[in-house]
Amino acid sequence: MKIVKLKKENLYPFLEIISKDADLWAPAKKHEDRHVFKQVEDFEQIDLDYTRTILPPRNFLLPPEIRMFQASKSEYEPDFSHVTKKILFGVHPCDIHGLLIMDKFYTHMFDDPYFLEARKNALILGHSCWPDENCLCKSTNTHIVEEGYDLFFTDLGGNYLVWIGSSRGDDLIRMQPDLFEEDIADQDIQSFIRWREDRDKAFSTEINFTAMPDLMELKYHDPLWEDLGRACLACGSCSNVCPTCNCYNVEDNPVLGKNCSNINRCWDSCTLEYYSGVAGGENFREKRSDRLKLWYTHKLQAYISKYGKPACVGCGRCVVTCPVDINVLTVAKALDGNGIDSFWKRLSIEVSQ
Amino acid sequence: MNSKIETSIQDNAFLPEPARVISTRYLTKDVKFFQVRFTDMEKALSFKYEPGQFAMVSVLGAGEAPFCLSSSPSRPGLLEFCIQKKGRLTDAIFRLKENDLIGVRGPYGKGFPAKEMEGNDILIVMGGLGVAPLRSVLLYCLDNRDLFNRVILLHGAKTPTDMIFREEFLELKKREDLDCFLSVDKDESGIWEENIGVVTTLFPKIAAIDPSHTYGLVCGPPVMYKFVIDEFIKLKIPKDRILMTLERRMKCGVGKCGHCAIDYIYTCIDGPVFTYWDVIHMRELI
């Protein structure tokens, strides 16, 4: 791993050069207090002072709906038009960890070319961040990142320290090497150490994830799930914003008058009613509580059992998104014996009346 | 800024292979039998699979879904499916005529452990449409008869006309190397000469088995599992040698779309064949 220094005023010139033959995507303000990743033409739109974007970066690798094939009776023509050369600038460590989980998932036993091609054609330029009260990434150990990016920018006031994480990242630096400084002064190292210490102290929320697989097992029949099921709106928002949700549906949409079909793939969520329905009307998870349980079993139990860490990267998106406050933080707390949130209890009682 | 790129993916796991319908016939009033063959003859002959595996079958304009392979890998060339009319896709499949084109990709999933089963007694219990996946393993055992010890088949249906492959099974009763017992729940027509009663009433007809050298296989309507498994347990067949094949919604067949997830497993890549032990420790299976 190599680290170089970039003066802040040299950032835009650098972005200018590297975005010549790729689309530059970066965080930008949306409304008052929200941010989104969007394709930027004008660098002034970029706002790096953000905590989390509404949607995770997987959104621009696999958009909500893509066409997998244009199919006629005689031929299925694969469609990879969602794959473009992209540079994702300003990605936080938790989201890079999310991509690493997706990499593992989409190459397990079978490769998913629709994700992998998009991933291969995207350069990931990470950026340091500062936590708010909903950031759980220290608990999931995803607050720092050592792989999965091409370059990583740590903001130290007037300068960036830039980690070069891949050969492609090194190529980017070499496009305009005189923008970067190889010599990193003692003073820079000291300010990096201070920044790390301060940031570590800034985390205010903590959950013990290592106990989750056992707790999920022990509380499989806990009335907690029924209460949650009554409060849950089954809207699927948690899945839309989660950096590690990957479920999708496939639809064959005939094109009228053309004797061909668009085989489309679109995001899906296990909290939606017909997610586990099969032909003939049987539904394996008719109850909302069962579907919620699957969501949380998958993130907090199954993935830990399989890979030794949760499929949650602590980004806090579900915390700020769920309209009824069912999220990784509150569910983990409830499982940990902190009792069921009074809000859910009230909601659950109101709904059942 | 031209960021469009030309992509050619050689190995697209989601791309169906074209196949032709060779023959169709009704097995019961709502179950039809299909023989299909890949249009590419080389592919047709090299398509290797295990009994119990499934394939994704698609009809243009109607969709794609998983269907278990009812044919046996011991009879290469043709793929066979037993399909019940249930929805939009199966409606379209029922309308298929000989020589029509469909899409097939696979084989997927973990089938029956044929190699481990060698040298053992094989007790197969099927009910209703459960014939579809178990026919594959039955034909496999019969085609490789020397590899297995006793082969016992119990087959139940609601009425004689609901019995899938009735004539074939009645014919199988003549074989000396197979203990074949058939039963129907009721027979108002009075044509049925075999046992009447649910499939578990056939268990007493089985001559004593050596449970430590027996595999018990079951597939049928959901209600059947509990009762048949109880009988297997009474026979003292070990829990990890009781095998069953399960159904889930699937959109990919290769562990990506998530619909068939149960606990930490995906039915499509970790199943669809599971042991009774799997079922006990992963509560949502049946």
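Residues numbered from 1 in each chain as written. Chains lettered and ligands numbered in written order. Predicted model: local features only at pLDDT ≥ 70, side-chain atom pairs only at ≥ 80, totals over all residues.

**Student:** Explanation requested: the overall build of chain B in the structure shown.
**Tutor:** For chain B, the helix and strand inventory stands at eight helices and 15 strands. Across its three principal directions, the C-alpha atoms of chain B cover 75 × 40 × 35 Å. Across the 286 residues that make up chain B, the buried fraction comes to 46%. Across chain B, the fraction of contacts at a sequence separation of at least 24, relative to all contacts at a separation of at least 6, is 68%. (Helix = DSSP H or I, 4+ residues; strand = E, 2+ residues; numbered from the N terminus. Buried ≥ 20, exposed ≤ 12 C-beta atoms within 10 Å, placed from the backbone. Contact = placed C-beta atoms within 7 Å.)

**Student:** Just to check I follow, could you spell out unusual backbone geometry for this structure?
**Tutor:** Apart from glycine, the bulk of residues carry a negative phi angle, and the bulk of peptide bonds sit in the trans form. Cis geometry marks the peptide bond from Gly106(B) to Pro107(B), where omega comes out at -5 degrees. Residue placement: Pro107(B) occurs in strand β6 (residues 101-108). With an omega dihedral of 5 degrees, the bond running from Gly271(B) to Pro272(B) counts as a cis peptide bond. By the secondary structure assignment, Pro272(B) is in the loop between α7 (267-270) and β15 (273-275). Within the chain, Ala234(A) stands out as a residue other than glycine whose phi angle is a positive 50 degrees.

**Student:** How should I be thinking about the packing of helix α8 (residues 224-231) of chain A against helix α10 (residues 288-307) of chain A in this particular structure?
**Tutor:** Packed helices, taken two at a time, are described by the angle their axes make and the gap between the axes. All names here are of chain A. Relative to each other, α8 and α10 sit at 105 degrees, their axes nearing to 8 Å. With respect to α10, the axis of α8 lies roughly perpendicular. Residues Trp 225, Glu 226, Leu 228 and Gly 229 of α8 pack against Arg 288, Ser 289, Leu 292 and Lys 293 of α10. Residues of the contact of α8 with α10, tallied by class, amount to three nonpolar, two polar and three charged. (Axes fitted to C-alpha atoms, helices over the stretch in contact; angles between N-to-C directions. Parallel < 35°, antiparallel > 145°, perpendicular 65-115°, else oblique. Nonpolar A, V, L, I, M, F, W, Y, C, P; charged D, E, K, R; others polar.)

**Student:** Would you mind going over the nonpolar core with me for this structure?
**Tutor:** Soluble, globular proteins show a tendency: their nonpolar side chains are buried together. Counting 163 residues, the largest nonpolar core has Leu125(A), Ile124(B) and Leu217(B) as the members making the most contacts within it. Ignoring any residue separated from it by four or fewer positions in sequence, one finds Leu125(A) in contact with Ile87(A), Leu88(A), Phe89(A), Val91(A), Tyr149(A), Asp150(A), Leu151(A) and Phe153(A). (Core = buried A, V, L, I, M, F, W, Y, C linked by C-beta atoms within 7 Å.)

**Student:** In this structure, what is going on with the domain arrangement of chain B? I would like to understand it.
**Tutor:** Size of an interface: often given as the accessible area lost when the parts come together. Residues and elements named next belong to chain B. By the assigned domains, chain B splits into domain 1 (17-107), domain 2 (114-244) and domain 3 (246-286). Contacts between the two partners involve five residues from domain 1 and, on the opposite side, four residues from domain 3. Taken together, the residues that form the side of domain 1 that touches domain 3 break down as three nonpolar, two polar and no charged. (Domains from an automatic or database assignment.)

**Student:** Would you take a moment to explain the interface of chain B and chain A for this structure?
**Tutor:** At the junction of the two partners, chain B supplies 35 residues and chain A supplies 43 residues. By residue class, the composition of the side of chain B that touches chain A is 15 nonpolar, 10 polar and 10 charged.

**Student:** Would you explain the sheet that holds strand β4 (residues 63-68) of chain B in this entry?
**Tutor:** Adjacent strands of a sheet form backbone hydrogen bonds with each other and so pair up, either parallel or antiparallel. Residues and elements named next belong to chain B. The strand order across the open sheet formed by six strands is β4-β3-β6-β1-β2-β5, and the pairing between neighbours is antiparallel. A single partner strand is all that each edge strand has here, and the edge strands are β4 and β5 (79-84). Going across the sheet, the axis of each strand differs from the next one's by a mean of 40 degrees, ignoring polarity. With four bridges joining them, strand β1 (residues 17-28) and β6 adopt antiparallel strand pairing. By the bridge assignment, Ala 19 is partnered in β6 with Ile 102. (Pairing = 2+ DSSP bridges.)

**Student:** I'm lost on the environment of Pro64(A) in this one. Help?
**Tutor:** Mapped onto the elements of the fold, Pro64(A) is located in the loop between α2 (58-61) and β4 (65-72). Taking C-alpha positions, Pro64(A) is 9.0 Å from Tyr248(A), a pair spaced 184 residues apart along the chain.

**Student:** For this particular structure, what's the right way to read the environment of Lys7(A)?
**Tutor:** All names here are of chain A. Take Lys 7: it is sitting in strand β1 (residues 2-7). Among the residues examined, Lys 7 registers 13 C-beta atoms within 10 Å and is labelled partly exposed. Beyond its immediate chain neighbours, meaning those up to four positions away, Lys 7 contacts Gly 158 and Asn 159.

**Student:** When you look at the pairing of β1(B) in this model, what are you seeing that I'm missing?
**Tutor:** The side chains of a regular strand alternate, first on one face of the sheet and then on the other. Residue and element names in this part refer to chain B. As paired elements, β1 and strand β2 (residues 31-38) share eight bridges and run antiparallel to each other. Within β2, the residue paired with Tyr 26 across the bridge is Lys 32. Once β1 ends, the chain turns through two residues before running back antiparallel as β2.

**Student:** Explain helix α6 (residues 222-234) of chain B to me, please; I cannot follow it from the model alone.
**Tutor:** Given 3.6 residues to a turn, an α-helix orients residues that are three or four positions apart in the same direction. Residues and elements named next belong to chain B. Within α6, the full set of buried residues consists of Met 224, Tyr 225, Val 228, Ile 229, Glu 231 and Phe 232. Buried residues in α6, looked at end-on, bunch into an arc of 155 degrees, giving them a common side. Facing away from the buried side of α6 by over 90 degrees, the exposed positions are Val 223, Lys 226, Asp 230 and Lys 234. Buried positions along α6 lie against β7 (121-127), β11 (214-219), β12 (242-245) and α8 (276-281). Count one or two residues on from α6 and you reach Lys 236, which has phi positive near 70 degrees. (Arc of directions from axis to C-beta.)

**Student:** Mind showing me how you'd approach the environment of Thr201(B) here?
**Tutor:** On the secondary structure map, Thr201(B) appears in the loop between β10 (195-196) and β11. Sequence separation of Thr201(B) and Glu231(B) is 30 residues, and the distance between their C-alpha atoms is 10.0 Å.

**Student:** Sorry if this is basic, but what is going on with the sheet that holds strand β12 (residues 260-267) of chain A here?
**Tutor:** Residues and elements named next belong to chain A. Taken in spatial order, the four strands line up as β5-β4-β12-β11 in an open sheet, and their pairing is antiparallel. Two strands in the sheet have a free side with no partner beyond their single neighbour: β5 (76-78) and β11 (248-255). Sheet twist, expressed as the average angle between the axes of neighbouring strands with direction ignored, equals 25 degrees. Where β4 lies against β5, three bridges are found, and the strand directions are antiparallel.

**Student:** Help me understand the domain arrangement of chain A in this model?
**Tutor:** Residue and element names in this part refer to chain A. We note that the domain assignment places domain 1 (2-202) and domain 2 (209-352) within chain A. One C-alpha centre belongs to domain 1, the other to domain 2, and the line joining them spans 27 Å. At the interface, 29 residues of domain 1 touch 28 residues of domain 2. Mapped onto the side of domain 1 that touches domain 2, the elements with two or more residues apiece are β4 and α3 (93-107). Classifying every residue of the side of domain 1 that touches domain 2 gives 16 nonpolar, eight polar and five charged.

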